[in-house]
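Structural overview for review
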Amino acid sequence: KMWELSVYDFFSEYGIFLAKTVTLVVLFVGSLLAIIVAASQNKKKPGEGEIEIEHLNEKLAHTTQGIKEAVFEKSLFEHEAKAEKKAEKEKHKAAKHKKGQPYHDDGRKRMFVLNFDGDIRASDVASLRETISAVLTIARPEQDEIVVKLESGGGMVHSYGLAASQLQRITSKQINLTICVDEVAASGGYMMACTANKILAAPFAIVGSIGVVAQIPNFHRLLKKNDIDFEVLTAGEYKRTMTVFGENTEEGRKKFVHDLNETHDLFKDYIHQQRPELDLSEVANGDVWYGVQAMDLGLIDGIKTSDEYLLDACDESDVYLVTYEIKTGLMDKLGEMVSVAAEKTTDRFLTRARRAEIERS
């Protein structure tokens with residue numbers, strides 16, 4: 001009987017294991033097929049994207065409504081909700097246009113919020129140019145405002161030069177541009193910021209660094225020590241002034257420093273064109289300052305976080321967050337799914353390990 005019971009337990013456990021395995025395989029294959037079908041039906045190619053818009057006034061109103069419902073007495077909440085609903089209905093009724101007539105513009109200011117998170121290559125400029133192009137099709141000169149939440153410690157000259165040129169497209173259309181800096185806008189980041197009609201920064205945000213830097217390692221002595229030759233052949237006296245593996249000359253160093261100074265002069269000229277009131281002899285030495293110090297030097301126009309500025313703007317403007325979302329390909333989606341699954345599995349394992357350790361102690 002014991003033997004019969006053991007055989008029964010074995011096949012019972014095996015059956016449960018087999019059912020779990022089949023279920024997981026079916027779920028995985030089904031998910032994979034669903035992704036493939038969705039990817040085949042989508043006409044957009046990987047790497048393309050689309051503009052997404054979020055009405056921040058509605059988001060704020062929804063949050064406020066939830067807080068009121070939790071805090072206020074039921075009768076008071078219902079009374080206020082009815083009043084707000086009536087006011088909203090009257091507002092829509094006034095703005096509604098008759099068929100065949102142009103849309104009624106109530107004259108209310110519109111604010112469009114864009115994000116720029118800059119790395120050394122200013123990679124986010126691709127999304128920035130798309131959002132700017134979209135907003136410029138509807139923004140009204142001298143009435144609407146574009147706000148860019150900018151975070152960058154700078155990077156390549158040509159990349160940030162392009163990013164700054166993208167922002168100048170806004171001001172050239174006579175549309176107000178405000179730059180908000182919550183953490184850092186330095187070097188190329190400040191080159192972008194100075195194009196704005198108004199720059200706002202948090203009290204301890206890092207601003208400035210109007211300077212140019214270049215760092216080049218050189219392995220020539222290491223190669224020479226190991227009897228390894230490295231030759232640099234050029235056509236043109238200044239085609240290559242400093243190298244990583246070749247022997248650098250004093251003449252090459254002087255030319256390289258000369259080029260850095262020329263770039264610095266161009267940087268300063270650009271800053272002067274955008275903010276002529278700045279004393280460049282005081283601020284264009286490559287140093288950085290915190291927000292409150294930058295305010296005293298004239299590098300920025302006000303001390304305020306982006307959250308505070310946008311929250312205040314919701315009282316008198318329709319505020320929209322505009323983003324450009326890049327469409328990912330099938331392999332990217334699968335990779336993301338695997339990454340998320342692996343992360344969850346690791347978290348579960350660590351949690352169980354911590355619990356076991358606590359129980360042992």
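Throughout what follows, the structure given in this document is the object of discussion.

Criteria and thresholds
Residues numbered from 1 in each chain as written. Predicted model: local features only at pLDDT ≥ 70, side-chain atom pairs only at ≥ 80, totals over all residues. Heavy atoms only, no water. Helix = DSSP H or I, 4+ residues; strand = E, 2+ residues; numbered from the N terminus. Buried < 20%, exposed > 50% of the residue type's maximum accessible area, 1.4 Å probe, protein only. Contact = heavy atoms within 4.5 Å. Areas by Shrake-Rupley, 256 points an atom, 1.4 Å probe, with all protein chains shown as cover. Core = buried A, V, L, I, M, F, W, Y, C linked by side-chain atoms within 4.5 Å. Pairing = 2+ DSSP bridges. Axes fitted to C-alpha atoms, helices over the stretch in contact; angles between N-to-C directions. Parallel < 35°, antiparallel > 145°, perpendicular 65-115°, else oblique. Nonpolar A, V, L, I, M, F, W, Y, C, P; charged D, E, K, R; others polar. Phe/Tyr/Trp six-rings, centres within 6.5 Å; stacked < 30°, edge-to-face > 60°.

This part is about the overall build of the protein chain. Tallying secondary structure elements over the protein chain gives 12 helices and 10 strands in all. A buried classification covers 29% of the 361 residues belonging to the protein chain. Across the protein chain, the fraction of contacts at a sequence separation of at least 24, relative to all contacts at a separation of at least 6, is 73%. Taken as a whole, the protein chain presents about 24,800 Å² of accessible surface, with 56% of it coming from carbon and sulfur.

Looking now at the nonpolar core. Generally speaking, soluble globular proteins have nonpolar side chains that are buried together. Among the nonpolar cores identified, the biggest contains 47 residues, and Phe116 and Tyr190 are the most heavily contacted of them. Top element by residues in this core is helix H5 (residues 157–172). It accounts for five residues. By size, the runner-up hydrophobic cluster in this structure holds 12 residues, among which are Leu56, Tyr309, Leu310 and Val319.

On to the sheet that holds strand S7 (residues 206–208). Spatially, three strands are ordered S5-S7-S8 in an open sheet, and the strand pairing comes out mixed. Here the strands that pair on one side only, and so sit at the sheet edges, are strand S5 (184–186) and strand S8 (288–290). Taking each pair of neighbouring strands and ignoring which way they run, the sheet shows an average axis angle of 30°. Here three bridges tie S7 to S8, and the two strands are oriented antiparallel to one another. Bridging across to S8, isoleucine 206 finds its partner in tyrosine 290.

Once that is clear, we can look at the packing of helix H4 (residues 125–136) against H5. To describe two helices that pack against each other, one gives the angle between their axes and the distance between the axes. Two numbers describe how H4 lies on H5: the axes approach to 10 Å, and their chain directions differ by 10°. Taken together, the axis directions place H4 and H5 in an arrangement best described as roughly parallel. Residue-level contacts link Val125, Leu128, Arg129, Ile132, Ser133 and Leu136 of H4 to Leu162, Ala163, Gln166, Leu167, Arg169 and Ile170 of H5. A per-class count over the contact of H4 with H5 returns eight nonpolar, two polar and two charged.

Bringing the pairing of strand S6 (residues 198–201) into the picture now. Bridge count between strand S4 (residues 176–181) and S6: four bridges; the pairing is parallel. What sits directly across from threonine 178, in S6, is lysine 198. As judged from the two bridges shared by S6 and strand S9 (residues 302–303), these two strands associate in the parallel manner. In the sheet register, alanine 201 faces S9, and the bridge partner there is isoleucine 303.

To continue, consider the packing of aromatic side chains. One pass over the structure, following the stated rule, counts five aromatic pairs. Note on phenylalanine 112 and tyrosine 320: the rings are 5.9 Å apart at their centroids and 25° apart in plane angle, and the pair reads as stacked. Taken together, the residues phenylalanine 112 in strand S2 (residues 109–117) and tyrosine 320 in strand S10 (residues 317–326) connect sequence positions 208 residues apart. No difference in accessibility class separates phenylalanine 112 from tyrosine 320, as the two residues are buried. Aromatic side chains phenylalanine 116 and tyrosine 160 sit 6.4 Å apart centroid to centroid with 75° between the ring planes, which places their arrangement in the edge-to-face category. Here phenylalanine 116 is found in strand S2, whereas its partner tyrosine 160 is found in helix H5, with 44 residues between them in sequence.

With that settled, the discussion passes to the sheet that holds S10. A sheet is described by the order of its strands in space; here seven strands give the open sequence S1-S10-S2-S3-S4-S6-S9, paired in mixed fashion. The open sheet has two edge strands, strand S1 (49–55) and S9, and neither has a second partner. Summarising the sheet, strand S3 (residues 145–151) and S4 pair through five bridges and their orientation is parallel. Counted as the bridge partner of glutamate 145 is asparagine 176 from S4. Across the sheet, H4 touches S1, S2, S3 and S10, and the angle it forms with S2 is around 170°. Strand contacts of H5: S2, S3 and S4, with the helix running at about 135° to S4, the strand carrying the most contacts.

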